[in-house]
Every structure is written in structure tokens, then in C-alpha cells.
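A structural walkthrough
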Amino acid sequence: MDKYQPDFQVIQRLIASMPMIFYALDDQWHFQLSDGKGLEKLGLYPGQVLGVSAKDMYKEFPDIINAIGEAFTGKTVHMEHTLGDTYLENYVVPSYNNFGKVVGVLGATIDITERKRAEHELNQARKLQDAILASVPGMLYLYDSAGQLIFWNKAHERMTGYSAEELYHFNLMDWYKG
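To keep things clear, this report deals only with the structure shown in the data block. Keep in mind that what you see is a predicted model, and the values were worked out from it rather than measured.

1. Focus on unusual backbone geometry
One non-glycine residue with positive phi stands out, namely W29, at about 75°. Here W29 lies in the loop between β1 (20–26) and β2 (31–35). Among the residues examined, W29 registers a relative accessible area of 10% and is labelled buried.

2. Some points on the sheet that holds β1
Here we have five strands laid out as an open sheet, ordered β2-β1-β5-β4-β3, and antiparallel in their pairing. Of all strands in the sheet, those with a lone pairing partner are β2 and β3 (77–83), marking the two edges. Neighbour-to-neighbour, the strand axes of this sheet turn through a mean angle of 20°, independent of strand direction. In terms of strand pairing, β3 meets strand β4 (residues 86–96) through seven bridges, oriented antiparallel. Bridging across to β4, H78 finds its partner in Y91.

3. Observations regarding the side chain of S34
Mapped onto the elements, S34 comes out in strand β2. In this structure S34 comes out as buried when scored by relative accessible area, which is 6%. Each residue touching S34, except ones within four places of it in the same chain, is listed here: F22, Y23, L39, P46, G47, V49 and L50.

4. Observations concerning the side chain of H156
Among the secondary structure elements, H156 is positioned in helix α5 (residues 154–160). The buried category is assigned to H156, whose relative accessible area is 1%.

5. Quick notes on the packing of aromatic side chains
Taken as a whole and assessed by the stated rule, the structure comprises seven aromatic pairs. Following the ring pairs from residue to residue traces out a cluster consisting of Y162, F170 and W175. Sitting over the ring of W29, K55 keeps its end group 4.8 Å from the ring centre.

6. Side note on the pattern of salt bridges
Between side chains of opposite charge, a pair can form when the charged atoms approach closely. Under the definition given, this model contains eight salt bridges. Salt-bridge contacts for E80 lead to R115; the nearest nitrogen and oxygen are separated by 2.8 Å. With E80 in strand β3 and R115 in helix α4 (residues 113–135), this pair connects stretches of sequence that are 35 residues apart. With a closest N to O distance of 2.8 Å, E80 and K116 form a salt bridge. Of this pair, E80 sits in strand β3 while K116 sits in helix α4, and the two are 36 residues apart along the sequence. What emerges from the salt-bridge pattern is a single network uniting E80, E89, R115, K116 and E119.

7. A short note on the nonpolar core
One finds L25, F31, A54, Y58, I68 and V105 to be the most contacted residues of the largest nonpolar core, which totals 23 residues. Taken together, the elements giving at least two residues each to this core come down to β1, α3 (62–72), β3, β4 and β5 (102–111). Residue contributions to this core peak at six residues, all from α3. The residues touching Y58, leaving out its near neighbours within four places in the chain, are F31, I64, I65 and L83. Y143, L149, W152 and F170 belong to the second largest nonpolar core, which has five residues in total.

What counts, and where the lines are drawn
Residues numbered from 1 in each chain as written. Predicted model: local features only at pLDDT ≥ 70, side-chain atom pairs only at ≥ 80, totals over all residues. Heavy atoms only, no water. Helix = DSSP H or I, 4+ residues; strand = E, 2+ residues; numbered from the N terminus. Buried < 20%, exposed > 50% of the residue type's maximum accessible area, 1.4 Å probe, protein only. Pairing = 2+ DSSP bridges. Axes fitted to C-alpha atoms, helices over the stretch in contact; angles between N-to-C directions. Contact = heavy atoms within 4.5 Å. Phe/Tyr/Trp six-rings, centres within 6.5 Å; stacked < 30°, edge-to-face > 60°. Lys NZ or Arg CZ within 6 Å of the ring centre and 35° of its normal. Salt bridge = Lys/Arg side-chain N within 4 Å of Asp/Glu carboxyl O. Core = buried A, V, L, I, M, F, W, Y, C linked by side-chain atoms within 4.5 Å.

In C-alpha cells:
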């Protein structure tokens with residue numbers, strides 16, 4: 001039985017169809033690969049920056065330059081950054097020759113703008129919820145189905161005399177212990 005071995009064209013079609021950006025830089029920091037549907041969001045098209053220096057392209061983004069520079073020292077780098085109003089998650093890894101020398105870097109970038117917006121909205125909703133619940137003068141508390149205390153307000157701490165750290169470990173049955 002023959003094993004399936006995907007050829008370069010199959011891999012290239014996969015890369016081109018994904019909503020990400022894939023890139024490769026040579027040891028002079030010039031783009032040798034720039035592909036993926038994620039380029040559209042940045043106003044670019046596949047192959048547009050081939051031969052362009054990443055140092056020149058990202059000179060106003062020192063965090064990106066530093067991440068690429070770290071990859072050229074042999075480190076794998078993961079970072080989040082922004083380009084305009086787009087949030088990106090970037091993975092950069094060194095590329096070695098047969099003698100173990102770093103001869104370039106490979107990168108993959110994912111648009112995380114929607115995730116960042118959702119995180120911000122969730123954080124805002126939590127702040128509002130916390131402010132509302134903290135303003136209630138009476139005790140508020142909530143136990144999960146296993147009887148574990150999962151929420152309480154400051155009034156609960158004040159009225160029971162237990163600190164947040166102590167309440168964090170409370171179970172409903174703890175109130176009934178001798």
C-alpha cells in the first residue's frame with residue numbers, strides 16, 4: 001500500500017486558502033514567501049511583498065522587528081500585536097540549513113481582532129456586573145450544583161466575617177459543621 005505524500009502544490013493550495021498569513025524571510029530579512037487569505041485584511045495580496053525587506057516594511061513596529069530578530073537568534077517567538085485596528089497573533093520560528101545555522105525565519109499570523117473585541121466586551125460586561133452586585137447592600141451568594149460557593153459580594157464577606165480567600169474554598173455544607 002502506497003503512503004500518501006502531499007506535494008508542494010497541495011500544501012501551497014492549503015496555505016493560500018486559509019484565513020491566515022504565512023511568510024518566510026531569508027537571512028537578509030527579505031520576504032521569500034507571503035501567502036494566505038489573511039493578507040486581504042491588511043490590503044495586500046499573495047506575493048506582493050516578495051523581495052521586500054521586513055526591516056523596511058515594519059520599521060515603525062519595533063515589536064515585530066524584535067520578534068523577527070529573536071527568531072534569527074534561534075528562538076521560537078509567539079506574540080500579539082496590532083497593525084492599525086487589526087489585532088494579530090504571530091508565531092515566528094527559525095529556519096536552519098543542514099549545518100544547524102539559522103538561514104531565515106518562517107512565520108504564521110492569525111487575525112484575532114474579533115476575539116480581542118469579544119474579550120473587551122466581556123470584560124466591560126463583567127465590570128458592570130461587578131459594580132451592580134457590589135452596590136447591593138444585602139448579602140448575595142451563589143453555589144454551583146456541587147454546593148461550591150462560586151460567587152459572593154462584599155456584603156457577604158462583611159456579614160459573615162470571612163475573607164474572600166476563605167470563602168473561595170467554602171462549600172454549602174461548611175455552614176453546618178459543628
